[in-house]
Amino acid sequence: MHATLRIIRDEHSSLSAVLRSIGLLMAESRRHALAPDFRVLRAMLFYIDEFPEKVHHTKETALLFPKIRARSSEAAAVIARLDADHARSHNAVLDLQHDLLALEMLSEAADAPARRERFEKEMETYIAAYLDHMRIEEVEILPLAERALTSADWAELDAEFMRNRDPLTHREGDDAFRPLFKRILMTLPAPLGLGPAFEALQKSYPGGEPARSFWTSTSGDAAQRGTKAVP
Ligand SMILES: [Fe+2]
Ligand SMILES: [Fe+2]
């Protein structure tokens with residue numbers, strides 16, 4: 001498989017895992033009548049803004065899509081829609097980051113429950129739209145690229161895609177981002193993340209809290225550590 005296609009699929013996998021984890025975290029905190037885990041959600045939205053939105057989209061819009069357009073008119077309308085998604089999606093994640101901050105800062109306000117409901121609906125819409133966007137790329141665009149592009153196209157694309165990779169799939173990322181990725185990886189399900197393995201480790205050491213002191217849980221035990229219950 002061409003490196004470009006492998007990198008796109010790997011980056012889609014890590015992004016899907018983060019998006020699905022956000023949905024699960026929100027559903028879990030609501031089920032336990034707890035406030036959402038703001039620190040985790042902030043880390044995940046920051047990751048989405050920093051890498052998939054700024055790096056992954058840019059590689060598709062600036063490098064892959066123009067090459068496909070130059071070789072085939074077969075999926076022109078689909079590519080136009082995906083480009084429009086890229087442009088819209090960045091503003092959407094900025095709005096979500098702001099709304100999450102407002103939810104945290106104004107947690108005592110009378111409209112906090114309504115604000116939270118609105119945020120959860122917006123987040124669900126964003127997650128569903130993003131998963132659909134990646135599905136279309138994988139089902140329609142990547143197979144078309146395999147049919148239409150030349151060896152010279154792939155050589156150029158592979159070199160560019162290798163230069164700029166998502167640190168969540170490429171573990172030797174920037175050191176400055178290591179704590180962020182550690183935090184996210186501990187929440188994500190296996191095989192990408194360490195979440196379930198960590199939970200199993202916790203169960204094996206009932207009295208212990210291994211390496212998770214910086215981490216607030218979304219499960220019921222968060223209440224014992226002072227997480228504020230939802231009004
Ligand atoms: Fe895309
Ligand atoms: Fe993509």
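Throughout what follows, the structure given in this document is the object of discussion. It should be emphasised that the depicted structure is a prediction, and the values quoted were computed from it without experimental measurement.

### As for the packing of helix H3 (residues 76–105) against helix H4 (residues 112–148)
Then, in step 1: Running from N to C, H3 and H4 point in directions that differ by 155 degrees, and their axes come no closer than 10 Å. Judged on the interaxial angle alone, H4 and H3 are roughly antiparallel. The handedness of the crossing between H3 and H4 is left-handed.

### Comments concerning the coordination of the iron ion (ligand 1)
Then, in step 1: Summarising the metal site, the iron ion (ligand 1) is bound by the protein donors Glu 60 (OE), His 86 (NE2), His 133 (NE2) and Glu 137 (OE), whose distances to it range over 2.0 to 2.2 Å.
Then, in step 2: Mapped onto the sequence, the residues coordinating the iron ion (ligand 1) show the spacing E-x25-H-x46-H-x3-E.
Then, in step 3: Between the iron ion (ligand 1) and the iron ion (ligand 2), a separation of 3.2 Å is found, and both are coordinated by Glu 60. One end of the pair, Glu 60, is in helix H2 (residues 38–71); the other, His 86, is in helix H3, with 26 residues separating them in the sequence. The same class applies to Glu 60 and to His 86, which are both buried.

Rules used in this analysis
- Residues numbered from 1 in each chain as written.
- Chains lettered and ligands numbered in written order.
- Predicted model: local features only at pLDDT ≥ 70, side-chain atom pairs only at ≥ 80, totals over all residues.
- Heavy atoms only, no water.
- Axes fitted to C-alpha atoms, helices over the stretch in contact; angles between N-to-C directions.
- Helix = DSSP H or I, 4+ residues; strand = E, 2+ residues; numbered from the N terminus.
- Parallel < 35°, antiparallel > 145°, perpendicular 65-115°, else oblique.
- Left-handed = near helix turned anticlockwise from the far one by under 90°.
- Donors = N, O, S within 2.8 Å, 3.2 Å for Na, K, Ca; no water.
- Buried < 20%, exposed > 50% of the residue type's maximum accessible area, 1.4 Å probe, protein only.

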